[in-house]
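Structure assessment
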Amino acid sequence: MSKKNSTPSRPRFWFDSKLVTFITLLLTSLVLLVLHSRSKPPQSTTIAVDHRLFDGHFEGPPKIAFLFLVRKNIPLGFIWHCFFKNAPVSEFSIYVHSRPGFVLNGSTTRSAFFQDRQLKNSVEVAWGEASMIEAERRLLRASLDDPANQRFVLVSDSCVPLYNFSYIYHYLMSSPRSFVDSFLDVEEVRYNPKISPVIPEDKWRKGSQWITLVRKHAEVIVDDDIVFPVFKKLCKEPQLEPNCIPDEHYVPTLLVMKGLQNELERRTLTYSLWSQSADKTNPKAWHPATFNYAKSSPQHIKVIKDINHVNYESENRTELCRVNSIASPCFLFARKFSRGAALRLLTDGVVGPYDRNAMTAST
């Protein structure tokens, strides 16, 4: 009896052990496959981002995403440090596009607000090329990953705030519209027939690069895979005429093509004092003047703050500055400011109570 019982148990044991080995190998292969797929870097050509998965709900107050488009570091970091220091940390976020490989750390900025805030996938930016708007799109794409970001402000490395954070926050959150400078300029010949019919001439618009967007319009820009490729192809040689100068045309043209012009305040919130050099044939002849210490007195700043309308001669239009039908100052920010000019704004308490220690936060 014992021999008869032991004989059939051997093949069963052999079969069970083989089954366990097979299952173990299968599970190991699945784990390795998952780890391998997670280790793959994201494709830079992918336009769809995580913001598609958001249902519009988030915890805490809505935030302003400040998008710094800079050459290298943050030269006016000390005034922005004071600006953010007097703000609730739950009401803003910071993103910086700098040159590839540049890192904002303790040796390149003394402000904790900017440390490690640079994009890891930045691109080389050249004036008059599509790389400028590619950098803007990458800033928007990164900031859309946070569902609490509801307003998006693009600022340069020479830009300064003209008010404290509380005033700017309530100004932007009170308006359901984006602030995008957008107008027809009949005196210029930048429209290139090569971009038709993708971009019809009657949709071609011009405006300031420095935009402030609501989340819906930020998503439109990031998700665009029709208009941007046209600019990218056309703007490879900015020295040729007619030149599209993409940073002045892409956003206003795209939003008009999407039928969103009625959702805009057609003006920028960033003040620039434009002047023209002697060479009027040079596309760079028009350029924003730089504010120095002497031109940044309280009287000069008051003149900017008191502006309540913008004239568009090419459209015979006057844009009254309003927020929800309430008369409001036109500008919340200004450029280009030197370090000396920004220091004067700081000591005059323009962005909040002056803190001598804020000077140590400069880059």
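Under the annotation held in an unreviewed UniProt entry, the protein chain carries the name Core-2/I-branching beta-1,6-N-acetylglucosaminyltransferase family protein and is attributed to Escallonia herrerae. Recorded under Subcellular location (unreviewed entry), the UniProt text for the protein chain is reproduced unchanged: "Membrane".

To continue, consider the pairing of strand S1 (residues 63-69). Most of S1 sits out of view: 7 of its 7 residues are buried. Here S1 shows two buried faces, one formed by Lys 63, Ala 65, Leu 67 and Leu 69 and the other by Ile 64, Phe 66 and Phe 68. Direction of pairing for S1 relative to strand S3 (residues 149-156): parallel, over a ladder of 7 bridges. Bridging across to S3, Leu 67 finds its partner in Leu 154. Pairing of S1 with strand S2 (residues 92-97), which is carried by 6 bridges, proceeds in the parallel orientation. When the sheet's bridge partners are listed, Leu 67 is paired in S2 with Tyr 95. Following the backbone out of S1, through helix H2 (residues 77-85) and into the adjacent parallel S2, one traces a crossover that is right-handed.

Turning our eyes to something else, we now look at the pattern of salt bridges. Taken as a whole, this structure holds 12 salt bridges when the rule is applied. Among the salt bridges present, the one from Arg 215 reaches Glu 219, with a minimum N-O distance of 3.5 Å. Note that Arg 215 and Glu 219 are positioned in helix H5 (residues 215-223) at a spacing of 4 residues, about one turn of the helix. Judged by its relative accessible area of 10%, Arg 215 is buried. One salt bridge in this structure joins Asp 306 and Lys 302, with 2.6 Å as the shortest N-O distance. Judged by its relative accessible area of 46%, Asp 306 falls in the partly exposed class. Residue classification places Lys 302 among the exposed positions, given a relative accessible area of 52%. Connected through shared salt-bridge partners, Arg 266, Glu 315, Arg 317 and Glu 319 make up one network.

Moving on, we come to the environment of Lys 336. Considering the arrangement of structural elements, one finds Lys 336 in the loop between strand S15 (333-334) and helix H9 (339-347). Among the residues examined, Lys 336 registers a relative accessible area of 25% and is labelled partly exposed. A sequence separation of 66 residues divides Lys 336 from Thr 270, and the C-alpha atoms of the two residues are 10.0 Å apart. Setting aside chain neighbours within four positions, we find Lys 336 in contact with Ser 158, Pro 288, Ala 289, Thr 290 and Phe 291.

Within this structure, the stated rule accounts for 1 disulfide. The partner cysteine of Cys 321 in its disulfide is Cys 330, sulfur to sulfur 1.8 Å. On the sign convention where negative means left-handed, the S-S torsion of about 95° between Cys 321 and Cys 330 marks this disulfide as right-handed. You can call Cys 321 buried: its relative accessible area is 2%.

An order of S4-S15-S8 is seen for the 3 strands of this open sheet, with the pairing classed as mixed. At either margin of the open sheet sits one strand with a lone partner, and together these are strand S4 (160-161) and strand S8 (270-271).

What follows deals with the packing of aromatic side chains. Both the distance between ring centres and the angle between the ring planes are used here to describe each pair of aromatic rings. For the coordinates displayed, the defined rule picks out 28 aromatic pairs. Centroid distance Tyr 271 to Phe 291: 6.3 Å. Interplanar angle 50°. Geometry classified as tilted. Linking Tyr 271 in strand S8 with Phe 291 in the loop between strand S10 (286-288) and helix H8 (298-305), this pair joins segments that are 20 residues apart in sequence. As far as the burial class goes, Tyr 271 and Phe 291 line up, both buried. Here the aromatic cluster, defined as three or more aromatic residues joined through ring pairs, consists of Phe 66, Phe 68, Trp 80, Phe 83, Phe 84, Phe 92, Phe 113, Phe 114, Phe 165, Tyr 169 and Phe 333. Here the guanidinium or amino end of Arg 117 rests over the ring plane of Tyr 95, the centre of that ring lying 5.3 Å away. In this structure, Arg 137 is placed above the aromatic ring of Phe 228, and the distance from its NZ or CZ to the ring centre is 4.1 Å.

Now for the packing of helix H6 (residues 227-234) against helix H7 (residues 250-257). Two elements in contact, H6 and H7, have axes whose closest approach is 10 Å; the angle formed by their N-to-C orientations is 145°. Classified by chirality, the crossing of H7 by H6 is right-handed. Side by side, H6 and H7 meet where Val 227, Phe 228 and Phe 231 of the first sit next to Tyr 250, Leu 254 and Met 257 of the second. Classifying every residue of the contact of H6 with H7 by side-chain character gives 6 nonpolar, no polar and no charged.

Time to look at the nonpolar core. One finds Phe 66, Phe 68, Ile 79 and Trp 80 to be the most contacted residues of the largest nonpolar core, which totals 53 residues. The leading source of residues in this core is H2, at 6 residues. Apart from residues lying up to four places away in sequence, Trp 80 is in contact with Phe 66, Phe 68, Phe 114, Val 155, Cys 159, Val 160, Pro 161 and Phe 333. Of all hydrophobic cores here, the second largest spans 38 residues; its members include Ala 65, Leu 119, Tyr 191 and Cys 235.

Here is what the cut-offs are and how they apply
Residues numbered from 1 in each chain as written. Predicted model: local features only at pLDDT ≥ 70, side-chain atom pairs only at ≥ 80, totals over all residues. Heavy atoms only, no water. UniProt positions renumbered as here; feature names shortened; annotations may be inferred. Buried < 20%, exposed > 50% of the residue type's maximum accessible area, 1.4 Å probe, protein only. Helix = DSSP H or I, 4+ residues; strand = E, 2+ residues; numbered from the N terminus. Pairing = 2+ DSSP bridges. Right-handed = clockwise from strand over helix to strand, strands pointing away. Salt bridge = Lys/Arg side-chain N within 4 Å of Asp/Glu carboxyl O. Contact = heavy atoms within 4.5 Å. Disulfide = S-S within 2.5 Å. Phe/Tyr/Trp six-rings, centres within 6.5 Å; stacked < 30°, edge-to-face > 60°. Lys NZ or Arg CZ within 6 Å of the ring centre and 35° of its normal. Axes fitted to C-alpha atoms, helices over the stretch in contact; angles between N-to-C directions. Left-handed = near helix turned anticlockwise from the far one by under 90°. Nonpolar A, V, L, I, M, F, W, Y, C, P; charged D, E, K, R; others polar. Core = buried A, V, L, I, M, F, W, Y, C linked by side-chain atoms within 4.5 Å.

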